[in-house]
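# Summary of the model geometry
Below are the chains, spelled out letter by letter.
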Amino acid sequence: MSRTIVNIGPARLYLGDSYAIRPTLGWMDADVMDPPYVFRAAGGGHYRKSRTGMDEIMEQGLDQGFDHSIINPLMCGAVVVFCHNDQLPKLLPYLDGSFKRQAVCIWRKLNPQPVANKHYRPVMEFYVHAWNDGFHPQGELADLDRQIVAMSPRGADKFGHPTVKPDAVMDKIVRNVAGETVCDPFMGTGSTGVAAVRAGKRFVGIEHNPAHFETAVRRITEAVEALG
Ligand SMILES: C[S@@+](CC[C@H](N)C(=O)[O-])C[C@H]1O[C@@H](n2cnc3c(N)ncnc32)[C@H](O)[C@@H]1O
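Residues numbered from 1 in each chain as written. Predicted model: local features only at pLDDT ≥ 70, side-chain atom pairs only at ≥ 80, totals over all residues. Heavy atoms only, no water.

This part covers the sheet that holds strand β2 (residues 11-15). Spatial strand order, β1-β2-β9-β8-β3-β4-β6-β5-β7: nine strands in an open sheet with mixed pairing. Sheet topology places β1 (4-8) and β7 (147-150) at the edges, where each strand pairs with a single neighbour. Here the strands of the sheet are splayed against their neighbours by 15 degrees on average, with no regard to which way each runs. Pairing of strand β3 (residues 28-33) with strand β4 (residues 76-83) involves five bridges; the strand directions are parallel. By the bridge assignment, Val 32 is partnered in β4 with Val 80. Sitting on the sheet, helix α4 (residues 88-98) touches β4, β5 (101-109) and β6 (124-131), and the angle it makes with β6 is about 15 degrees. Where helix α5 (residues 167-176) meets the sheet, its contacts fall on β3, β4, β5, β6 and β7, and the angle it forms with β7 comes to roughly 155 degrees. (Pairing = 2+ DSSP bridges. Helix = DSSP H or I, 4+ residues; strand = E, 2+ residues; numbered from the N terminus. Axes fitted to C-alpha atoms, helices over the stretch in contact; angles between N-to-C directions. Contact = heavy atoms within 4.5 Å.)

Attention shifts here to the pairing of β4. With eight of eight residues buried, β4 lies mostly within the body of the structure. In the sheet, β4 pairs with β6 via six bridges, with the strands oriented antiparallel. In the strand pairing of β6, Val 79 is matched with Ala 130. (Buried < 20%, exposed > 50% of the residue type's maximum accessible area, 1.4 Å probe, protein only.)

Right, let's talk about the packing of aromatic side chains for a bit. Within the structure shown, the criterion is met by four aromatic pairs. Sitting above the plane of the Phe 82 ring, Lys 165 keeps its charged end 5.1 Å from the centroid. (Phe/Tyr/Trp six-rings, centres within 6.5 Å; stacked < 30°, edge-to-face > 60°. Lys NZ or Arg CZ within 6 Å of the ring centre and 35° of its normal.)

Glancing now at the layout of surface pockets. There is about 210 Å³ of room inside the second largest pocket. Lining the second largest pocket we find 14 residues, and of these Ala 103, Cys 105, Trp 131, Pro 137 and Arg 146 sit closest to its centre. Elements with a contribution of two residues or more to the lining of the second largest pocket: β5, β6 and α5. Ranked by the residues each element gives to the lining of the second largest pocket, the list is headed by β5, at four residues. When its residues are assigned to classes, the lining of the second largest pocket shows seven nonpolar, three polar and four charged. (1 Å grid on protein atoms, 1.4 Å probe; cavity = no way out; pocket = protein on both sides within 12 Å on 5 of 7 lines; lining within 4 Å. Points joined across faces, edges and corners; volume = space filled by probe spheres on them. Nonpolar A, V, L, I, M, F, W, Y, C, P; charged D, E, K, R; others polar.)

Okay, the pattern of salt bridges next. This structure, assessed with the given rule, holds ten salt bridges. Here Lys 165 ties to Asp 34 by a salt bridge, and the two come within 3.0 Å at their closest N and O atoms. Pair noted here: Lys 165 is in the loop between β7 and α5 and Asp 34 is in the loop between β3 and α2 (45-49), with a separation of 131 residues, a long-range link. For the pair Lys 165 and Asp 34, one class covers both residues: buried. When the shortest N-O distance is used, the salt bridge between Lys 109 and Glu 125 registers 2.7 Å. Highlighted residues: Lys 109 in strand β5 and Glu 125 in strand β6, separated in sequence by 16 residues. Taken together, the shared-partner salt bridges connect Asp 34, Lys 109, Glu 125 and Lys 165 into one network. (Salt bridge = Lys/Arg side-chain N within 4 Å of Asp/Glu carboxyl O.)

Attention shifts here to helix α7 (residues 210-227). Between the first and last C-alpha of α7 there are 26 Å, a value that for 18 residues agrees with the 26 Å anticipated at 1.5 Å per step. Here α7 has its buried residues at His 212, Phe 213, Thr 215, Ala 216, Arg 219, Ile 220, Ala 223 and Val 224. Down the axis of α7, the buried set is contained in an arc of 165 degrees. They therefore lie on one face. Looking at α7, the residues exposed on the side facing more than 90 degrees away from the buried face are Pro 210, Glu 214 and Glu 225. The opening residue of α7 is Asn 209, an N-cap whose side-chain oxygen sits 2.9 Å from the backbone nitrogen of Ala 211. Downstream of α7 by a residue or two, Gly 228 has a phi angle that is positive, lying close to 85 degrees. (Expected span 1.5 Å × (residues − 1). Arc of directions from axis to C-beta. Polar contact = N/O pair within 3.5 Å; in protein donor to acceptor, adjacent residues only side chain to side chain.)

Structure, rendered in structure tokens:
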């Protein structure tokens, strides 16, 4: 399988398929991932028709979920996984069987989409932090809140990606994970990598979409250069 590798200071970025590449990378202190969600992307009425974001999500297969087996407790001390509400019933038992403890945390959005679609408003996104001995959540008491409140990126801050995560959210998550090495197998535009570099950690990212990979290279290069 062809792959491109780009090294940027403490970061190594792979352009390719994470299911093929992640098992070859060996131990990482933390796998931090925002994989494709599973959710019903149809519906939403007039508001949905006037917005292209959901079309992009479907075109890029970001509503099709992911294979849980990419989370391997023999290859990492802890994992942080973003997921949709509909994925929790299957994800939590998988993590419960793989890690010693886990916590469901939330990113509370200040600017949620104004839709409900016969459900609740999407005012929060879930992420699960699961860990084994020695890799429990890190930080001062204020940093150990299970909730982070932040705006959803808009305009240029989306970097041309339909589901980019805010810096404030990723900075908090990276502060909360133990250890020196962070891997994101669904890197997108490199939000985890930017946070990891800023936190002084080593980062390995994998992304199969060339346009998003290029954005990640640019963002992480800028983050490394900003450190001086
Ligand atoms: C939800 S997005 C991550 C967005 C990222 N957190 C950010 O802030 O930019 C998931 C990403 O995983 C990528 N992806 C999906 N399946 C993949 C695979 N098998 N190997 C590598 N990347 C994959 C998609 O192209 C997408 O950019």
